[in-house]
Amino acid sequence: MASKQSEANKKHYEAIAAHAQSGEQLSPEEAAAWNDAEWTKLTAEPGGVDFLEVEVGNKPALWIVPKGAALDRVIFYIHGGGFVGGSIYTHRKMIAHLAKATGCRALAMSYDFVHQGQHYPAQRNQAVDVYRWLLDQGIKPRHIAGAGDSAGVTILFGALLVARDRGLPLPAAIMSISGWFDMTASGASYQSNSQKDLFFQRETVQWLAGMVLAGSDPRDPHASPLFADVTDFPPIFLQAGGDETLLDDSRVFAERARAATVDVRLDVFPQMLHSFQMMAGRAPEADDAIARFAAWVRPKLGLTGAESNAS
């Protein structure tokens, strides 16, 4: 049974759906600002973490540094928000909980939004540049874990496909939160979970994908990793909510990645919705999910339990 605390995430998406149906005319910037202000409230401050802003590729990025963390290990994180919202600031607390539990630093990157005139793959290219910058800082690829949520997962996999094809070394592991793997919105869970996930309806996701791609093929593997050849990719840990319409994005991607002989783990959390990990520090389901990620990724980064700063 879902915890009472976890209802906050459900109410958040119900409020977005109601706001969208109200007929109130907001610019994309206004709508994103409204959502971001509410979204960041879901996460508790982790405590014991420093946030250091830097500039990477003329965009702000955020070093997230837990006290006592291993500084030569890094979670490279790309936030979600449908290419229209979210930021390193809305996600900083959730990423900090993950970094703290793992016992390493995290680097959260910024990217341009579609209402700023930047359509995909501009965001993917920005991510490639940030990943290359991270390598140039002397961080070994075997000490990097890529991570993201929702649209951030789209960007992350697109960037790693480019990195692989250019001969760049890939990170040691990948963590996906409610990944948006399929811009065609073909998953059966859009129907089976349509009464549980009121905001991410198939029509909404297809409309958003059309805006993001601006006429590009939604089956392009760099935009829809569901159709990508991920041969030689590192181990992948996928998490998704059992009630979210994007559930099959993770399910089907996991099947296809396993067929490419990639080491894949998929955990589905009953009664949870999209990116429920944003409730870290407040809801037990989110804390459980973060703890699972940390326990899985620590050995892949060469960390022992001693480096973990988990509460």
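Let us look at the structure shown here.

Each value, and the rule that gives it
- Residues numbered from 1 in each chain as written.
- Predicted model: local features only at pLDDT ≥ 70, side-chain atom pairs only at ≥ 80, totals over all residues.
- Heavy atoms only, no water.
- Buried < 20%, exposed > 50% of the residue type's maximum accessible area, 1.4 Å probe, protein only.
- Helix = DSSP H or I, 4+ residues; strand = E, 2+ residues; numbered from the N terminus.
- Contact = heavy atoms within 4.5 Å.
- Pairing = 2+ DSSP bridges.
- Core = buried A, V, L, I, M, F, W, Y, C linked by side-chain atoms within 4.5 Å.

### Some remarks on helix α3 (residues 92-102)
So, step 1. Among the 11 residues that make up α3, 10 are buried, leaving the element largely enclosed by the rest of the structure.
So, step 2. Within α3, burial applies to Lys93, Met94, Ile95, Ala96, His97, Leu98, Ala99, Lys100, Ala101 and Thr102.
So, step 3. Tucked into the core, α3 has its buried residues touching β1 (49-56), β2 (59-66), β3 (70-78), β4 (104-109), β6 (173-177) and α9 (284-300).
So, step 4. Looking one or two places after α3, you find Gly103, whose phi comes out positive at around 90°.

### Here we look at the pairing of β2
Two faces belong to every sheet, and in a regular strand the side chains alternate between them.
So, step 1. For β2, the buried fraction is high: 7 of the 8 residues fall into the buried class.
So, step 2. Bridging between β1 and β2 involves 8 bridges; their strand directions are antiparallel. Note on β2: the bridge partner recorded for Glu55 is Pro60.
So, step 3. Sheet topology note: the β2/β4 ladder contains 4 bridges and is antiparallel. Along β4, the bridge assignment pairs Ala61 with Met109.

### A few points about the nonpolar core
So, step 1. In this structure, Phe76, Phe83, Met175, Trp180, Phe233 and Phe253 are the most contacted members of the largest nonpolar core, which totals 103 residues.
So, step 2. Tallying contributions element by element places helix α5 (residues 151-165) first for this core, with 10 residues.

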